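Each chain, letter by letter, is given below.
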Amino acid sequence: MKAGLLPNGDPPVRRTRTDDLRLQLADEIVRGVFAPGDPLDEAGLAARYGVSRTPVREALRQLAASGLVEIRPHRGAIVTRPSEGRLMEMFIVMAELESLCAALAAEAMSLIERRELEKLHRALGELVKSGDPLRYAEANERFHGAIYAGAHNAYLGELTLATRARLAPFRRAQFRRVGRLADSYEEHDRIVEAILRGDRDQATREMRAHIGTVKEAFDRYMEGR
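Novice: Can you help me understand the sheet that holds strand S1 (residues 39-40) in this one?
Specialist: The strands making up a sheet associate through backbone hydrogen bonding, with each pair oriented either parallel or antiparallel. Overall, antiparallel pairing links the three strands, which are arranged S1-S3-S2 in an open sheet. With partners counted over all chains shown, the strands left at the sheet margins are S1 and strand S2 (69-72), one partner each. The pairing of S1 with strand S3 (residues 76-79) spans two bridges and is antiparallel. Its bridge partner lying in S3, Leu 40 is registered against Ala 77. Each of S1, S2 and S3 is contacted by helix H3 (residues 53-66), which is oriented at about 115 degrees to S2, the strand it contacts most.

Novice: Is there a simple way to think about helix H2 (residues 42-49) in this case?
Specialist: Within H2, burial applies to Glu 42, Leu 45, Ala 46 and Tyr 49. Relative to the axis of H2, the buried residues are bounded by an arc of 105 degrees and lie together on one face. Two or three places before Ala 43, at the opening of H2, Asp 41 has a side-chain oxygen 3.3 Å from that residue's backbone nitrogen. Backbone geometry just downstream of H2 places Gly 50 in the positive-phi region, at approximately 70 degrees.

Novice: Whenever I open this one, the pairing of S2 confuses me. Can you help?
Specialist: Side-chain positions along a regular strand alternate between the two faces of the sheet. Here S2 runs beside S3; their pairing, made up of four bridges, is antiparallel. Bridged to Arg 72 within S3 is Gly 76. If you look at the hairpin formed by S2 and S3, you'll find three residues sitting between the two strands, and His 74 has a positive phi there, around 70 degrees.

Novice: What is the right way to read the packing of helix H1 (residues 17-31) against H2 from this model?
Specialist: Two quantities define a packed helix pair, namely the angle between the helix axes and the distance between the axes. For the pair H1 and H2, the least separation of the axes is 12 Å and the interaxial angle reads 100 degrees. Relative to H2, the element H1 is oriented roughly perpendicular. Each of Leu 21, Gln 24, Leu 25 and Glu 28 in H1 lies in contact with H2, whose residues at this interface are Leu 45, Arg 48 and Tyr 49. Split by residue class, the contact of H1 with H2 holds four nonpolar, one polar and two charged.

Novice: Would you explain the layout of surface pockets in this entry?
Specialist: To find the voids left in a structure, one rolls a probe of water-molecule size over its atoms. Its boundaries defined by the atoms lining it, the second largest pocket holds a volume of some 250 Å³. Taken together, 16 residues form the lining of the second largest pocket, with Leu 23, Gln 24, Asp 27, Leu 134 and Arg 172 sitting closest to its centre. Mapped onto the lining of the second largest pocket, the elements with two or more residues apiece are H1, helix H6 (133-150) and helix H7 (154-173). At six residues, H1 tops the list of elements feeding residues into the lining of the second largest pocket. Classifying every residue of the lining of the second largest pocket gives nine nonpolar, one polar and six charged.

Novice: Please explain H1 as it appears in this structure.
Specialist: Since one α-helical turn is 3.6 residues long, residues separated by three or four positions face the same way. In this model H1 runs 21 Å from its N-terminal to its C-terminal C-alpha over 15 residues, within 8% of the 21 Å that 1.5 Å per residue would give. If you follow the buried residues of H1, they end up packed against H2, H3, S2, S3, H7 and helix H9 (200-224). With its phi angle positive at about 95 degrees, Gly 32 sits one or two positions after the end of H1.

Novice: Help me understand empty space enclosed by the protein in this model?
Specialist: Evaluation of the coordinates by the stated rule reveals one cavity of 30 Å³ or more. Within this model, the largest cavity holds a volume of roughly 50 Å³. As for the largest cavity, its lining consists of Ala 137, Asn 140, Glu 141, Arg 164, Ala 168, Arg 171, Arg 172 and Phe 175. Of all the secondary-structure elements, those providing two or more residues to the lining of the largest cavity are H6 and H7. Ranked by residues supplied to the lining of the largest cavity, first place goes to H7 with four residues.

Novice: Explain the pattern of salt bridges here, please?
Specialist: Any two side chains of opposite charge can pair, so long as their charged atoms come close to each other. Enumeration over the complete set of coordinates arrives at 19 salt bridges. For Glu 98, the salt bridge is made with Arg 171, and the minimal N-O distance between the two is 2.7 Å. Taken together, the positions of Glu 98 in helix H4 (residues 84-108) and Arg 171 in helix H7 put the pair 73 residues apart, joining distant regions of the chain. The class of Glu 98 is buried, set by a relative accessible area of 0%. For Glu 206, the salt bridge goes to Arg 190, with nearest N and O atoms at 3.4 Å. Of the two residues, Glu 206 is situated in helix H9 and Arg 190 in helix H8 (residues 180-197); the sequence distance between them amounts to 16 residues. Taken together, the salt bridges that share partners define one network made up of Asp 27, Arg 31 and Arg 176.

The rules behind these values
Residues numbered from 1 in each chain as written. Predicted model: local features only at pLDDT ≥ 70, side-chain atom pairs only at ≥ 80, totals over all residues. Heavy atoms only, no water. Pairing = 2+ DSSP bridges. Helix = DSSP H or I, 4+ residues; strand = E, 2+ residues; numbered from the N terminus. Contact = heavy atoms within 4.5 Å. Axes fitted to C-alpha atoms, helices over the stretch in contact; angles between N-to-C directions. Buried < 20%, exposed > 50% of the residue type's maximum accessible area, 1.4 Å probe, protein only. Arc of directions from axis to C-beta. Polar contact = N/O pair within 3.5 Å; in protein donor to acceptor, adjacent residues only side chain to side chain. Parallel < 35°, antiparallel > 145°, perpendicular 65-115°, else oblique. Nonpolar A, V, L, I, M, F, W, Y, C, P; charged D, E, K, R; others polar. 1 Å grid on protein atoms, 1.4 Å probe; cavity = no way out; pocket = protein on both sides within 12 Å on 5 of 7 lines; lining within 4 Å. Points joined across faces, edges and corners; volume = space filled by probe spheres on them. Expected span 1.5 Å × (residues − 1). Salt bridge = Lys/Arg side-chain N within 4 Å of Asp/Glu carboxyl O.

So this is what it looks like as structure tokens:
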């Protein structure tokens with residue numbers, strides 16, 4: 001396998017400099033490198049990460065949508081945290097959106113799309129063996145993205161991707177829990193089986209349960225941090 005490729009031979013998810021910065025900064029906030037109330041100075045962050053202030057400004061704006069940053073007019077940005085209630089609301093909506101995507105995908109996915117989903121699922125299995133949470137998170141985005149696309153409903157896809165972007169810092173963090181990669185793969189396995197059988201109801205149940213488990217895994221990660 002060539003360096004930088006996923007186990008299925010695909011390149012990693014392409015990201016902009018702003019995307020990379022957003023994920024890195026979000027990761028450090030979730031891990032506690034930056035604590036709630038800490039100021040986030042654009043110039044200081046640009047120097048820290050070796051970028052210009054433009055991607056820093058955009059990354060902070062995007063993180064504000066996730067509830068990890070508060071941008072105060074004329075006073076700069078500070079680290080914050082979404083309340084447990086707010087985070088739960090976001091995950092509830094995420095579960096409903098993704099379960100609807102899975103339901104529609106079970107009915108609408110073409111044979112080629114189903115084979116691609118199986119391919120992406122196998123790639124995740126290889127990453128479970130390597131135990132790399134960051135690369136697993138990237139491949140996980142591809143896997144879920146294939147289900148969104150397989151639903152063949154562009155508007156639903158837009159809503160789901162937008163919600164996923166807000167929850168990305170929390171979804172990525174849970175993969176650091178010991179054993180979480182293997183558990184995630186098993187949950188995916190049940191989703192894939194339901195979609196391949198064309199079982200709309202089972203695909204709905206499995207995806208909803210999966211997203212609920214993601215929230216629980218994130219909570220346990222934070223408790224043990």
